Amino acid sequence: SIEGLSKAAPGRSLTVFVISTGYDTRVVEGPQRLIDAAKRAGAAVVPLQPWDAVQSQSAGIPAAEWQAYQQAVQASLRKLADETGGTAVFAREDLDSTVQRFSKP
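The sections below set out a description of the structure shown in this document.

Analysis parameters
- Residues numbered from 1 in each chain as written.
- Predicted model: local features only at pLDDT ≥ 70, side-chain atom pairs only at ≥ 80, totals over all residues.
- Heavy atoms only, no water.
- Core = buried A, V, L, I, M, F, W, Y, C linked by side-chain atoms within 4.5 Å.
- Buried < 20%, exposed > 50% of the residue type's maximum accessible area, 1.4 Å probe, protein only.
- Helix = DSSP H or I, 4+ residues; strand = E, 2+ residues; numbered from the N terminus.
- Contact = heavy atoms within 4.5 Å.
- Salt bridge = Lys/Arg side-chain N within 4 Å of Asp/Glu carboxyl O.
- Polar contact = N/O pair within 3.5 Å; in protein donor to acceptor, adjacent residues only side chain to side chain.
- Phe/Tyr/Trp six-rings, centres within 6.5 Å; stacked < 30°, edge-to-face > 60°.

Glancing now at the nonpolar core. One finds I2, L14, V16, V18, I35, A38, A41, A43, V45 and L80 forming the largest nonpolar core, which totals ten residues. Those elements that provide at least two residues to this core are strand 1 (14–19), helix 2 (32–41) and strand 2 (43–48). Apart from the residues within four sequence positions on either side, A43 is in contact with I2, L14, V16, A38 and T84.

Summed over all chains, the structure comprises three salt bridges. The salt bridge involving D24 is made with R26; its shortest N-O contact spans 2.9 Å. With a relative accessible area of 42%, R26 lands in the partly exposed category. For E83, the salt bridge identified is with K39, shortest N-O distance 3.7 Å. Placement of the pair is E83 in the loop between helix 4 (63–82) and helix 5 (95–103) and K39 in helix 2, with a sequence separation of 44 residues.

Here D24 lies in the loop between strand 1 and helix 2. At 2.9 Å, the side chain of D24 forms a polar contact with the side chain of R26. Beyond its immediate stretch of four places on either side in the chain, D24 contacts Y69, A72 and V73.

Moving on to the packing of aromatic side chains. Under the counting rule described, the total for this entry stands at one aromatic pair. Relative to Y69, the ring of W66 lies with its centre 5.4 Å away and its plane at 35 degrees, an arrangement referred to as tilted. On the criterion of helical spacing, the pair formed by W66 and Y69 is a turn pair, its members being three residues apart in helix 4.

Structure follows, in structure tokens:
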């Protein structure tokens, strides 16, 4: 758990990288439990959305519905990052700089 990690290294900053396709907040509750746990532990969460999840549209889903879905799941990942001091990463080209930024002591 995030809280267990923070206890293992007291006094150190904690960054948790999470690979997630996000939460369709139009249908389910967002990542509030994870946000609350991260805040208690003083952890920054950096959600990484798999690149293929952003680019591939499922067959039979209208383009407008796919776009609305993508906006909802990316908003949930942004919320997770914003409320914990992290950054959401949606593009491969942003990964290296984000990892470097959060890896510094």
